[in-house]
Amino acid sequence: AQAAIQATDKDPIIEAMKEGRLFRFAVALLQICVAVTFANAFTTIPINNARRVAIHQPRAKHPSRIAATTRLMAKITEKEASSAIDKVVRALQKDKETNQELGRLTKTNNVLGFGSPRPGIIAVRFNASFQKGGMGRSSIPLPFGLGQSEKSEGRGTLVGQVKASLDANTGKLLEVTVFRDLGYGRSFNMKV
C-alpha cells in the first residue's frame, strides 16, 4: 500500500499541482482565450468584403409582399407645418383650462418635428414655454422700494412638449397633448 502511495507522489500531475505550475498554466491558457475572444469581437469588416457580409443578412423570400406592405408617408412643407403650429399655439393660448392648468403659452422654443402620418393629417411636435401669473410676486423689484416692475423674472416657467394633430383639409385640431417637463412629467390633453 505504501508503494502505491509513493507511486502517486511521483505522478507528474500531482507534482505540478504541488509546485503551482498547473495553476499558472491554466491562468495563462485562460488569458490567451480571453485575448483571442476580444480580438475577434473588435475586428472590423473591410469594405471590399461587403459581398461576404451580405450572405449573412437575411434575405426576403417574397420581395413583392414587402413592397405591398410599405406605406408611403405624405409629405408636408415647412410652410404648412408653420401654419399648423401657429393654429395650435393660438388654440392653446385661448383655452381657459390650459391657462389654468399649465399657464399662459409665452413662446415656442423649438420645433421637434412635423409630418403626415396618415393622408389628410398633419402632425406637429414642438417645445413651448408656459408661465403662470403670480400677481406680481415673481416680478423684478424696483430700486429704493418703489414696488415691482411689470417685467417678470422667469419664475414659474414650464417647458412642455406639445404634440398635435390637425386635419390637413379643414385645419381643425384633432388632438393636442402637452407633456410637462419635456415629457418626463404628467401629460395634459386639451379638449378639442
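This write-up is about the structure you can find in this document. Per chain, residues are indexed from 1 in the order of the written sequence. In keeping with the model being predicted, local features are shown solely for residues with a pLDDT of at least 70 and side-chain atom pairs are shown and tallied solely at 80 or more, while totals for entire chains, interfaces and linings include all residues. Only hydrogens and water are removed before side-chain values are computed, so all heavy atoms of the structure are retained for them.

Things to note about the overall build of the protein
In terms of helices and strands, the protein carries seven helices and seven strands. Three labels apply to residues, based on accessible area from a 1.4 Å probe with only protein chains included: buried if under 20% of the type maximum, exposed if over 50%, partly exposed otherwise in between. Looking at the protein as a whole, 23% of its 192 residues qualify as buried. Of the contacts formed within the protein by residues at least 6 apart in sequence, a portion of 50% connects residues at least 24 apart. Each helix is a run of H or I in the DSSP string that is no shorter than four residues. Each strand is a run of E no shorter than two, and both are numbered from the N terminus. Any two residues whose heavy atoms approach within 4.5 Å at even a single point are treated as in contact.

Overview of helix 6 (residues 78-94)
Working rule for helices: expected span equals 1.5 Å times residues minus one. Between its terminal C-alpha atoms helix 6 stretches 24 Å, which fits the 24 Å expected from 17 residues at 1.5 Å a residue. The complete set of buried residues in helix 6 reads Ala 81, Ala 84, Ile 85, Val 88, Val 89, Ala 91 and Leu 92. For helix 6, the angular spread of buried residues about the axis comes to 165°, placing them on one side. Exposed and facing more than 90 degrees away from the buried side of helix 6 are Lys 79 and Lys 94. Lining the buried residues of helix 6 we find helix 7 (96-101), strand 1 (104-115), strand 2 (121-131), strand 5 (157-167), strand 6 (173-179) and strand 7 (187-190). Taking the helix axis as origin, the arc is that swept by the directions to the C-beta atoms.

Describing the pattern of salt bridges
Each reported salt bridge corresponds to a side-chain nitrogen of Lys or Arg within 4 Å of a carboxyl oxygen of Asp or Glu. Applying the stated criterion across every chain yields a total of two salt bridges. Across the salt bridge formed by Glu 101 and Arg 180, the nearest N and O atoms sit 2.4 Å from each other. Taken together, the positions of Glu 101 in helix 7 and Arg 180 in the loop between strand 6 and strand 7 put the pair 79 residues apart, joining distant regions of the chain. A relative accessible area of 32% means that Glu 101 is categorised as partly exposed.

A look at the sheet that holds strand 1
Spatially, 1-2-5-6-7 is the arrangement adopted by the five strands of the open sheet, whose pairing is antiparallel. Both outer strands of the open sheet, strand 1 and strand 7, are each paired with one neighbouring strand and no more. Taken over all neighbouring pairs, the strand axes of this sheet differ in orientation by 25° on average, direction set aside. Where strand 2 meets strand 5, 11 bridges bridge the pair, whose relative direction is antiparallel. Along strand 5, the bridge assignment pairs Ala 123 with Ser 165. Paired strands, in this sense, are two strands between which DSSP finds at least two bridges. Here an angle of 0 to 180 degrees is reported between the N-to-C directions of two axes, which are lines fitted to C-alpha atoms, with helices fitted over the stretch in contact.

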